[in-house]
Amino acid sequence: MMDTATGPRPSPGKEYGLVAHPDRPPSAVRSVIVKVRRDGDELLLTFTVEGPEHVALPDRAAPSRTDGLWKTTCCELFLAPVGSDAYFEFNYSPSTQWAAYRFDSYRAGGCDLPLSLAPVVDREAACLTEVRQSLSDLPPGPLQMSLTAVIEETDGTKSYWALAHAPGPPDFHNRASFIATLPVPPHP
């Protein structure tokens, strides 16, 4: 899969359907789909919602690192090196704000993850959030992955979506939801 004029081609991508937590179901939103495509050290994510007219969207803001994005509509990516307790959390708001954290283990040792390149977050009419996330600051090798979203609806309902949910209340940090693997990109 090599284009001699431009180098390696991006992966064709894969779509993941998220499931709502059974204790916090949506009111009118019917599904959340995430398309993931890897292009070398860049990850391209597209979060779409069926029923977007029911989603409470935060106002657009200047792209910046911002805490607390998960308190309203927010898309998230969790990555963990295989065989490690450490993991990374990325939050992407439809406002175009973002956050990135590193944890030593389950909800422990959390701190801001320094990034060489800030993610590019955008909101388009056809999707909830589109993201370009550099992976150059993460360890090499395959990464366990979880994709999640907090969806606040215009009626105030908040639902919590993930690839999988552990028993109990919604908890995106629980490694039971890291059920996908982000492969190492193909060699040029």
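A short tour of the structure in this document, coming up. Values in this document were obtained by computation on a predicted structure and should not be read as measured data.

**Some words on the nonpolar core**
- Leu 45, Leu 77, Leu 79, Phe 90, Leu 147 and Ile 151 are the most contacted members of the largest nonpolar core, which has 34 residues in total.
- The element best represented in this core is strand E12 (residues 143–152), accounting for five residues.
- Not counting residues up to four positions away in its chain, the partners in contact with Leu 45 are Lys 35, Val 36, Leu 77, Tyr 92, Thr 129, Glu 130, Val 131 and Leu 147.
- In terms of nonpolar packing, the next biggest core, distinct from the first, is built from 13 residues, Cys 74, Ala 80, Tyr 87 and Phe 178 among them.

**A closer look at the pairing of strand E13 (residues 158–162)**
- For E13, the buried fraction is high: four of the five residues fall into the buried class.
- Of the strand pairs in this sheet, strand E3 (residues 14–20) and E13 are connected by two bridges, and their pairing is antiparallel. Bridge pairing in E13 links Ala 20 to Trp 161.
- Here E12 pairs with E13 via five bridges, running antiparallel. Looking across to E13, one finds that Ile 151 is bridged to Ser 159.

Rules used throughout
- Residues numbered from 1 in each chain as written.
- Predicted model: local features only at pLDDT ≥ 70, side-chain atom pairs only at ≥ 80, totals over all residues.
- Heavy atoms only, no water.
- Core = buried A, V, L, I, M, F, W, Y, C linked by side-chain atoms within 4.5 Å.
- Buried < 20%, exposed > 50% of the residue type's maximum accessible area, 1.4 Å probe, protein only.
- Helix = DSSP H or I, 4+ residues; strand = E, 2+ residues; numbered from the N terminus.
- Contact = heavy atoms within 4.5 Å.
- Pairing = 2+ DSSP bridges.

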